[in-house]
Amino acid sequence: MNDPGFTPTQLAARAAYLLRGNDLGTMTSAAPRLYPHMWSWDAAFVAVGLAPLSVERAVIELDTLLSAQWRNGMIPHIVFANGVDGYFPGPARWQCRELAANAPAGPDTSGITQPPVHAIALQRILDHSRRHGRSTRAVAEEFLDRRWPDLVRWHRWLAHARDPKEDGRITLYHGWESGMDNSPRWDRAYAQVVPGDLPAYQREDTSIVTDASQRPTDIEYDRYLWLLEEMRRARYDDYALASSMSFAVQDVFVSAIFALACEVLAIIGEDYSMPNADVRELHGWADRFRQGVVATTNERSGAAKDYDVRNQRWIPTETLAMFAPLLCGGLPRDTERNLVRIFEGPRFCGHPDLRYALPPSTSPVSSAFRPKEYWRGPVWPVMSWLFSWAFSRRGWTERAQSLRAEGLRQASDGSFAEYYEPFTGKPLGSMQQSWTAASVLDWLG
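Definitions and cut-offs
- Residues numbered from 1 in each chain as written.
- Predicted model: local features only at pLDDT ≥ 70, side-chain atom pairs only at ≥ 80, totals over all residues.
- Heavy atoms only, no water.
- Salt bridge = Lys/Arg side-chain N within 4 Å of Asp/Glu carboxyl O.
- Helix = DSSP H or I, 4+ residues; strand = E, 2+ residues; numbered from the N terminus.
- Buried < 20%, exposed > 50% of the residue type's maximum accessible area, 1.4 Å probe, protein only.
- Pairing = 2+ DSSP bridges.
- Axes fitted to C-alpha atoms, helices over the stretch in contact; angles between N-to-C directions.

A. Spotlight on the pattern of salt bridges. Tallied over the full model, the rule gives 31 salt bridges. Residues Arg 124 and Asp 127 are paired through a salt bridge, measuring 3.0 Å at the closest nitrogen-oxygen approach. Here Arg 124 and its partner Asp 127 are both found in helix H6 (residues 118–129), three residues apart, which amounts to about one turn of the helix. The exposure classification of Arg 124 matches that of Asp 127, with both residues buried. With its nearest N and O atoms 2.5 Å apart, the salt bridge here joins Glu 263 to Arg 290. Here Arg 290 lies in helix H13 (residues 276–294) and Glu 263 lies in helix H12 (residues 252–271), a separation of 27 residues in the sequence. For Arg 290, a relative accessible area of 16% translates into the label buried. When salt bridges with common partners are traced through the structure, they connect Asp 63, Glu 142, Arg 146, Arg 147, Asp 150 and Arg 153 into a single cluster.

Okay, here's the thing in structure tokens:
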């Protein structure tokens with residue numbers, strides 16, 4: 001079937017126009033209606049897309065995010081834009097400024113974190129800056145010099161506060177911290193979350209995405225908000241959360257991203273003569289978390305799994321998380337080859353009914369698969385971009401190019417949707433999603 005969509009030149013222009021339209025000045029809204037504020041990992045991907053347009057504007061994006069960093073080093077998952085409503089839970093529900101000793105004095109934020117993809121964005125900014133004149137390079141390098149300690153502090157917080165036993169895996173206290181809010185990965189862990197008396201609330205998301213089959217259910221939302229209540233009662237204290245939260249899961253996918261990010265940041269540190277002690281620490285974390293990811297894998301298939309800390313059991317799922325080792329490496333060659341076969345085979349990208357040969361968030365052969373429901377089946381362009389970028393970095397040029405070509409075919413409708421129905425290719429969720437436009441701009445840059 002031919003795609004009637006826009007040409008690459010037209011698509012790039014539309015993507016750039018979308019990012020300009022979502023620009024709030026010093027931050028970019030993740031999506032103008034559904035997500036009107038700045039999200040942490042969205043902001044990193046947005047910076048990736050802004051870099052080929054304007055290194056200076058990409059730097060501002062990361063600078064704004066880092067200005068909201070908590071005193072303990074955490075980068076929060078939401079930075080709220082002043083005077084912008086239309087999202088729940090907002091600052092009044094989180095109450096971070098009132099309750100958390102480490103919350104920043106500046107902008108309002110949420111009290112949880114998100115996957116640490118920011119070093120990837122920094123690398124793309126530096127890559128693009130080298131193609132420009134001295135003044136643009138100076139902007140990027142000044143940012144690196146000024147924010148290097150904050151980036152290392154962010155990684156140190158993850159390595160210490162979220163892996164206190166040094167298992168080499170990041171512990172999450174809310175599914176939202178994974179970025180994959182309602183993935184089947186969390187079903188059993190969420191089942192153990194029993195909401196108590198919740199303050200009344202009104203969801204905003206279902207008034208914008210009115211098809212209920214695309215969004216988490218009200219029962220799921222009650223659990224999400226109960227975890228927020230538990231965090232508030234713990235006053236967002238790292239040590240109190242570890243013992244008091246009813247949801248605690250070691251996320252193998254976030255751990256792989258962290259291993260990769262530590263390595264990327266360490267190499268940047270070497271290239272730009274940053275302190276040797278920081279670089280050594282980053283390499284050490286990269287090794288620890290790579291080993292932590294590999295320790296979860298199936299000996300034959302290489303598939304990785306999460307670990308439910310509260311229930312002390314492994315969580316094997318047929319979701320994108322099983323491919324975590326393909327991001328960070330570390331598997332024996334034959335095992336890695338087996339995992340690549342699964343990724344490209346009929347359980348994922350090679351499923352015969354897929355509209356595009358791209359990885360669905362949950363395998364179509366899984367009993368948990370739901371083709372329209374958020375992280376339970378749809379294809380997310382930003383995940384296609386992440387795997388494409390990681391494969392390219394690992395020297396798998398043909399595989400990276402295949403994901404890029406299919407990703408651009410999917411995006412050629414110009415909707416820049418949050419996610420897509422895997423069989424029909426229909427755009428779903430929020431439209432005008434900034435990180436989808438950003439993925440396209442990097443692919444075309």
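Read on, since the account is not over.
B. Region of interest: the sheet that holds strand S6 (residues 313–315). If you walk across this open sheet you meet the four strands as S3-S4-S5-S6, and the pairing is antiparallel. Strand pairing shows two members of the sheet lacking a second neighbour, strand S3 (170–172) and S6, which therefore form its edges. Within this sheet the neighbouring strands show an average axis-to-axis angle of 35°, counted without direction. Of the pairings in the sheet, the one linking S3 to strand S4 (residues 249–251) comprises three bridges and is antiparallel in character. The residue bridging Ile 170 from the neighbouring strand is Asp 251, located in S4.

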